[in-house]
Amino acid sequence: MRTVRPPVPTGRPTAPEPAALPRRAPLPARHPEPVLDVVVPVHNEEQDLEPCVRRLHAHLGETFPYPFRITIADNASTDRTPVIAALLAAELPGTHWIRLAGKGRGRALHAAWSHSRAPVLAYLDVDLSTDLAALLPLVAPLISGHSDIAIGTRLARGSRVVRGPKREIISRCYNGLLRSTLAVGFSDAQCGFKAVRRDVAERLLPLVEDREWFFDTELLVIAERAGLRIHEVPVDWVDDPDSRVHLLSTALADLRGMARLGRALARGRLPLSALRRSGGDLAGELPAGLARQLARFAAVGAASTLCHLLLYSALRPATGAQAANALALLASAVANTAANRRLTFGVRGRGGALRHHLKGLAAFLVGLTLTSGSLAALHHGVPGAGHRVELVTLVTANLAATLLRFLLFRAWVFPARPARRTAGPS
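All of these numbers come straight from a predicted model, not from anything done at the bench.

## Comments concerning the overall build of the protein chain
So, point 1. Per the secondary structure count, the protein chain includes twelve helices and ten strands.
So, point 2. Of all 426 residues assigned to the protein chain, the portion counted as buried reaches 46%.
So, point 3. Counting every atom, the protein chain has about 20700 Å² of accessible surface; 62% of that belongs to carbon and sulfur.

Structure follows, in structure tokens:
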């Protein structure tokens, strides 16, 4: 046993960003040291700890083809949990335990993963709500070099879940809120069944601020934004009726975490480039998929179009149709370029911002030509056209301009970065 005192976070790192992650590679078939370290975070779990660890140890011994390790991470328990953990560590080979002075699942995982030397790190909840049959499918993509992180999901097709309607609704609302606010692609942030490659964890953990329940979500959001590959495994999951999670306080803390993380991402404060893969690995090198980019571009475009129409309607009485259209389109185009730069094409920081905006203004001129030309054609063909007809004409012209602008943004304003090459032997 060892007592772990994790360092107190001192804010965002100010040192130069480290080099990109190396290319993923499979682990060798024969590995003398533990390949997998499964952490079981606990706080006052004297009833569940022993059956959980014994069952986990037996399962790994029977099914896992590599050496493994089990780490019991005790979060300041005040009952017999430390005594039971010490007895299990003394009896079961490859079982260890650490004790932390403070509570928090994120604190336990941060400490245990930071000190482990196993190439694959995992954790599961002590209640074993998740069927252990999913453990090997969870870690296999990390061992093979296919993925960076693996998560169990209770919300994917193929999952089998038994729980009450209250927790089901809360879980779906939470994950839906994540998708709508932080635009995440993974389906289940809070399932207590996850694994990560150690080289990825070494880069991710210093960036994750939360030490409680939001730890999982923050880690996954940062990893996804950096372009790391997240593998999802549908699980069989049975709710623990004795769960001691305080739903209201946890929900409020999660909302605060979302707001904090959203601000950090919006301001480009996270060094995401340090998490991208190098050496020709495609993960993190290719731009987001076309369908996803189109969806985000469409959402930004819808907001820009609404802004354009409102400004046009407000300015038209004083400036006339053509001037109102030009001013409204200019203002919405600047905001559109800034939003697409960050949200659609994932460009962070100030580097190249001026160039991007100048190119965005060039694309704006295309939209101005189309919309102004449409208005001119309307007034020439139908001199008495009313305000509603003008708006319909502008919407139609904007749709055509939006499609053309997307193509220009993707190919010219924010072109995909070429994959970095590594020099080979000459």
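Having seen the structure, we can now continue with the description.
## Things to note about the nonpolar core
So, point 1. One finds Trp113, Ile149, Leu219 and Ile222 to be the most contacted residues of the largest nonpolar core, which totals 44 residues.
So, point 2. Contributions of two or more residues to this core are made by strand E4 (95–100), helix H3 (105–115), strand E5 (120–124), strand E6 (149–153), helix H5 (165–182), helix H6 (198–204), helix H7 (215–225) and helix H8 (247–266).
So, point 3. It is H7 that provides the largest number of residues to this core, a total of six residues.
So, point 4. Ranked by size, the runner-up nonpolar core spans 40 residues in total, among them Leu36, Ala122, Leu128 and Ala134.

## Some thoughts on the pairing of strand E8 (residues 193–197)
So, point 1. Counting buried positions along E8 yields five of five residues, so the element is predominantly enclosed.
So, point 2. Burial along E8 is two-sided: the residues Phe193, Ala195 and Arg197 and Lys194 and Val196 are all buried.
So, point 3. Examined bridge by bridge, E5 and E8 share five bridges and lie antiparallel to one another. If you follow Leu121 over to E8, its bridge partner there is Val196.
So, point 4. Here E6 pairs with E8 via three bridges, running antiparallel. Its bridge partner lying in E8, Ala150 is registered against Ala195.

## Let's talk about a nonpolar patch on the surface
So, point 1. Residues Leu330, Val334, Leu354, Leu358 and Leu361 make up a contiguous nonpolar surface patch of about 440 Å² in total accessible area.
So, point 2. Those elements giving two or more residues to the nonpolar patch turn out to be helix H10 (321–344) and helix H11 (353–381).
So, point 3. For the nonpolar patch, the element with the highest residue contribution is H11, accounting for three residues.

## With respect to empty space enclosed by the protein
So, point 1. Summed over all chains, the structure comprises four cavities of 30 Å³ or more.
So, point 2. Here the largest cavity is characterised by a volume of approximately 90 Å³.
So, point 3. Lining the largest cavity are 13 residues; nearest its centre among them are Ser304, Leu329, Ser332, Asn398 and Arg405.
So, point 4. Contributing elements (two or more residues each) for the lining of the largest cavity: helix H9 (290–319), H10, H11 and helix H12 (387–413).
So, point 5. Tallied by class, the residues present in the lining of the largest cavity amount to three nonpolar, nine polar and one charged.
So, point 6. One number sums up the size of the second largest cavity: a volume of about 60 Å³.

## A few points about the pattern of salt bridges
So, point 1. Counted by the stated rule, this structure contains 18 salt bridges.
So, point 2. Close ionic contact of Glu168 with Arg172 constitutes a salt bridge, the shortest N to O distance being 2.6 Å. In this pair, Glu168 and Arg172 both sit in helix H5, four residues apart, roughly one turn of the helix.
So, point 3. Judged by its relative accessible area of 22%, Glu168 is partly exposed.
So, point 4. Three or more residues joined by partner-sharing salt bridges are found here, namely Arg105, Asp125, Lys194 and Asp216.

Parameters and conventions
- Residues numbered from 1 in each chain as written.
- Predicted model: local features only at pLDDT ≥ 70, side-chain atom pairs only at ≥ 80, totals over all residues.
- Heavy atoms only, no water.
- Helix = DSSP H or I, 4+ residues; strand = E, 2+ residues; numbered from the N terminus.
- Buried < 20%, exposed > 50% of the residue type's maximum accessible area, 1.4 Å probe, protein only.
- Areas by Shrake-Rupley, 256 points an atom, 1.4 Å probe, with all protein chains shown as cover.
- Core = buried A, V, L, I, M, F, W, Y, C linked by side-chain atoms within 4.5 Å.
- Pairing = 2+ DSSP bridges.
- Patch = residues over 30% accessible without salt bridge, like charges linked within 9 Å, V, L, I, M, F, W, Y side chains within 5 Å.
- Salt bridge = Lys/Arg side-chain N within 4 Å of Asp/Glu carboxyl O.
- 1 Å grid on protein atoms, 1.4 Å probe; cavity = no way out; pocket = protein on both sides within 12 Å on 5 of 7 lines; lining within 4 Å.
- Points joined across faces, edges and corners; volume = space filled by probe spheres on them.
- Nonpolar A, V, L, I, M, F, W, Y, C, P; charged D, E, K, R; others polar.

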